[in-house]
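# Overview (structure and organization)
These are the residues of each chain, in order.
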Amino acid sequence: MLKPNGVGLGRIIKAAKCSMQGFAASWKHESAFRQETTLAVISVPLAAWLANSVSQFALLVSVWCLVLVVELLNSAIESLTDRVSLERHELSGRAKDMGSAAVFVSLVIVALVWGAALYERFV
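These numbers were taken from a predicted model, which means no experiment stands behind them.

Definitions and cut-offs
Residues numbered from 1 in each chain as written. Predicted model: local features only at pLDDT ≥ 70, side-chain atom pairs only at ≥ 80, totals over all residues. Heavy atoms only, no water. Helix = DSSP H or I, 4+ residues; strand = E, 2+ residues; numbered from the N terminus. Expected span 1.5 Å × (residues − 1). Buried < 20%, exposed > 50% of the residue type's maximum accessible area, 1.4 Å probe, protein only. Contact = heavy atoms within 4.5 Å. 1 Å grid on protein atoms, 1.4 Å probe; cavity = no way out; pocket = protein on both sides within 12 Å on 5 of 7 lines; lining within 4 Å. Points joined across faces, edges and corners; volume = space filled by probe spheres on them. Nonpolar A, V, L, I, M, F, W, Y, C, P; charged D, E, K, R; others polar. UniProt positions renumbered as here; feature names shortened; annotations may be inferred.

What follows deals with helix H4 (residues 90–122). The terminal C-alpha atoms of H4, which comprises 33 residues, lie 47 Å apart, in line with the 48 Å expected from a rise of 1.5 Å per residue. Buried within H4 are the following residues: Ser92, Gly99, Val103, Ser106, Val110, Val113, Trp114 and Ala117. Contacts from the buried residues of H4 go to helix H2 (31–50) and helix H3 (54–84).

Next up on the list: the layout of surface pockets. Considering only enclosed or pocket space, the largest pocket measures out at about 170 Å³ in volume. Around the largest pocket sit Ser19, Gly22, Phe23, Ala25, Ser26, His29, Glu30, Leu72, Ser75, Ala76 and Ser79, which together line it. Elements represented by at least two residues in the lining of the largest pocket include exactly helix H1 (8–29) and H3. Looking at the lining of the largest pocket element by element, the count peaks at 6 residues for H1. Of the residues contributing to the lining of the largest pocket, the split by class is 4 nonpolar, 6 polar and 1 charged.

Here we come to the UniProt feature "transmembrane region" (unreviewed entry) in the protein. Under the feature "transmembrane region" (unreviewed entry), the UniProt entry names residues 57–77 and 98–119. Across residues 57–77 one finds 100% helix and 0% strand; the C-alpha atoms that close the span lie 31 Å apart. Helix makes up 100% of residues 98–119 and strand 0%, with an end-to-end C-alpha separation of 31 Å.

This part covers the environment of tryptophan 27. As for its placement among the helices and strands, tryptophan 27 is situated in helix H1. Overall, the relative accessible area of 42% leaves tryptophan 27 in the partly exposed class. Residues tryptophan 27 and leucine 72, spaced 45 residues apart in sequence, show a C-alpha to C-alpha distance of 10.0 Å. Once you skip the residues sitting within four places of it in the chain, tryptophan 27 turns out to touch Phe33, Arg34, Thr37 and Thr38.

This paragraph deals with the side chain of asparagine 74. With respect to the element layout, asparagine 74 can be found in helix H3. Look at asparagine 74 and you get buried, because its relative accessible area is 6%. When residues no more than four places from it in sequence are discounted, the contact partners of asparagine 74 are Lys96, Gly99, Ser100 and Val103.

What follows is the structure in structure tokens.
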């Protein structure tokens, strides 16, 4: 049976194209994604300076990647919710609030990891 998105390398190429479209749409329509991406990019050289090891550098960068993943999922939930209906509904509001809470938790993780690295470096 033929799959609509192909198989093998063709499938990987199509999936990569869809991913790039997702990044482009998030960049264009989501200010929070732009802000968090900017902070993530700025954090890479800071992480290189701050980290005491390669694994600590990877952790400092990875937590920002986690924020971007969660923000992308949150934006997808918000877009789908708005696609279904723009009228106020308790479940729609709950879904959006839960997505926002997930982003908040990911940012708390960033604060904890970066705070620990800063503490180790300066205290």
